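Chain and residue survey
Here's the letter readout for the chains.
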Amino acid sequence: MRRWFPQAVFAVIGSVSLMSTALAADTKTQGSEKPHRVAIQVNQNDPAVMNLALNNATNVIEYYRAKGEDVDVDVVTYGPGLNMLRADTSPVKDRIKSLKDAAFPSKIQFSACNNTKEGMEKKEGHAIDVLSEAVIVPSGVVRLMELQEKGWSYVRP
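Residues numbered from 1 in each chain as written. Predicted model: local features only at pLDDT ≥ 70, side-chain atom pairs only at ≥ 80, totals over all residues. Heavy atoms only, no water.

1. A closer look at the overall build of the protein
Spelled out, the test is: Segments assigned H or I by DSSP are reported as helices when at least four residues long, segments assigned E as strands when at least two residues long, and all are numbered from the N terminus. Contact between two residues is taken to exist if any of their heavy atoms lie within 4.5 Å; hydrogens are not considered. Residue-level accessible areas treat just the shown protein chains as cover; the underlying method is Shrake-Rupley with a 1.4 Å probe.
What the protein contains, in helices and strands, is 5 helices and 5 strands. Helices (α) and strands (β) of the protein occur, in sequence order from the N terminus, as α-β-α-β-α-β-α-β-α-β. Nonlocal contacts in the protein, meaning residues at least 24 apart in sequence, comprise 77% of its contacts between residues at least 6 apart. With the model as given, the accessible surface of the protein reaches about 9700 Å², and the carbon-plus-sulfur share is 57%.

2. Notes on the nonpolar core
The following threshold applies: In this text, buried Ala, Val, Leu, Ile, Met, Phe, Trp, Tyr and Cys residues form a nonpolar core when linked through side-chain atoms within 4.5 Å. Each residue is placed in one exposure class: buried if its accessible area under a 1.4 Å probe, protein chains only, is under 20% of its type's maximum, exposed if it is over 50%, and partly exposed if it falls in between.
V73, V75, M84, L85, I96, I108 and F110 are the most contacted members of the largest nonpolar core, which has 28 residues in total. Where this core is concerned, the elements lending two or more residues are β1 (37-42), α2 (47-66), β2 (72-77), α3 (93-102) and β3 (107-113). Ranked by the residues each element gives to this core, the list is headed by α2, at 7 residues. Among all residues touching V73, those that are not within four sequence positions of it are V38, I40, A57, V60, I61, K107, I108, Q109 and W152.

3. Points about the sheet that holds strand β5 (residues 153-155)
Two modes of strand pairing occur in sheets, parallel and antiparallel, and in both the strands are linked by backbone hydrogen bonds. Cut-off, in case you're wondering: Two strands pair under a simple rule: DSSP has to find at least two bridges between them. Angles shown run from 0 to 180 degrees and are taken between the N-to-C directions of axes, each axis being a line fitted to C-alpha atoms and, for helices, limited to the stretch in contact.
Pairing is parallel in the open sheet, where 5 strands are placed in the order β4-β3-β2-β1-β5. Bordering the open sheet on either side are β4 (134-137) and β5, each of which pairs with just one other strand. Adjacent strand axes in the sheet meet at a mean angle of 25°, parallel and antiparallel pairs treated alike. Summarising the sheet, β1 and β5 pair through 3 bridges and their orientation is parallel. Paired with I40 across the bridge in β5 is V155.

4. Some words on the packing of α2 against α3
The condition is simple: If an angle is under 35 degrees, it is roughly parallel; if it is over 145, roughly antiparallel; if it lies from 65 to 115, roughly perpendicular; otherwise it is oblique. In this scheme the crossing of two helices becomes right-handed for a clockwise turn of the near helix relative to the far one and left-handed for an anticlockwise turn of less than a right angle. In the scheme used here, Gly and all other residues not listed as nonpolar or charged are polar, with Ala, Val, Leu, Ile, Met, Phe, Trp, Tyr, Cys and Pro taken as nonpolar and Asp, Glu, Lys and Arg as charged.
Viewed as axis vectors pointing N to C, α2 and α3 meet at an angle of 15°, and their least axial separation amounts to 11 Å. Looking at the two axes, α2 sits roughly parallel to α3. The handedness of the crossing between α2 and α3 is left-handed. Each of N51, L54, N55, A57, T58, I61 and R65 in α2 lies in contact with α3, whose residues at this interface are R95, I96, L99 and A102. Its residues assigned to classes, the contact of α2 with α3 comprises 6 nonpolar, 3 polar and 2 charged.

5. Structural notes on α2
Put simply, the test is: The span one expects for a helix is its residue count, reduced by one, times 1.5 Å. Here a polar contact is taken to be a pair of N or O atoms separated by no more than 3.5 Å, where protein atoms must pair a possible hydrogen donor with a possible acceptor and residues adjacent in sequence count only if both atoms sit in side chains.
The end-to-end C-alpha distance of α2, which contains 20 residues, comes to 28 Å, matching closely the 28 Å that a straight helix rising 1.5 Å per residue would cover. Among the residues making up α2, those that are buried are V49, M50, A53, L54, A57, T58, I61 and Y64. Looking at the buried side of α2, the elements it contacts are β1, β2, α3 and β3. Residue D46 occupies the N-cap position of α2, its side-chain oxygen lying 2.9 Å from the main-chain nitrogen of A48. Following α2 by one or two positions, G68 has its phi on the positive side, about 75°.

6. Here's the deal with the pattern of salt bridges
Let me state the cut-off plainly: Salt bridges are counted wherever a side-chain nitrogen of Lys or Arg sits within 4 Å of a carboxyl oxygen of Asp or Glu.
Taken as a whole and assessed by the stated rule, the structure comprises 6 salt bridges. A salt bridge links R143 to D74, with the shortest nitrogen-to-oxygen separation between them at 2.6 Å. Of this pair, R143 sits in helix α5 (residues 140-149) while D74 is found in strand β2, placing the two residues 69 residues apart along the sequence. K97 is the salt-bridge partner of D101, the closest N and O atoms lying 3.2 Å from each other. Of the two residues, D101 and K97 are both situated in helix α3; the distance of 4 residues between them amounts to about one turn of the helix. Here the salt bridges do not stand alone but share partners, grouping R86, D88 and E124 into one network.

Quick look at the structure:
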């Protein structure tokens, strides 16, 4: 019995060591597979806030690009913030276009609240065009809620 006891001890220690290494590798792999996603809210008709939101988005994209990782960003506009995505009023339309073009392989979406758009159209008496880089969503607030319910981080500049 004594002859095989040391061999059994070494076998158990070796197995535990291998399992620990495998577990650490699995944890590292799982950590890198977790998606990076952030929703950025813009609800003010203020160029400084709009530029800050774009700075936040740019910084997040560049941070993860430097790490060799992708990130999904959704800039959600509603209320007075919809002016950020209006073709006729956006003070940041050139930045939006260049950021949309430069984001790849990460993804950036600019979400325009349809509730706000319809309210503005009714008040102004004419159709409102949004930038070609924008996607119209039924409700900006609901969009933010649903993204957070799916685990997205949330930023309000």
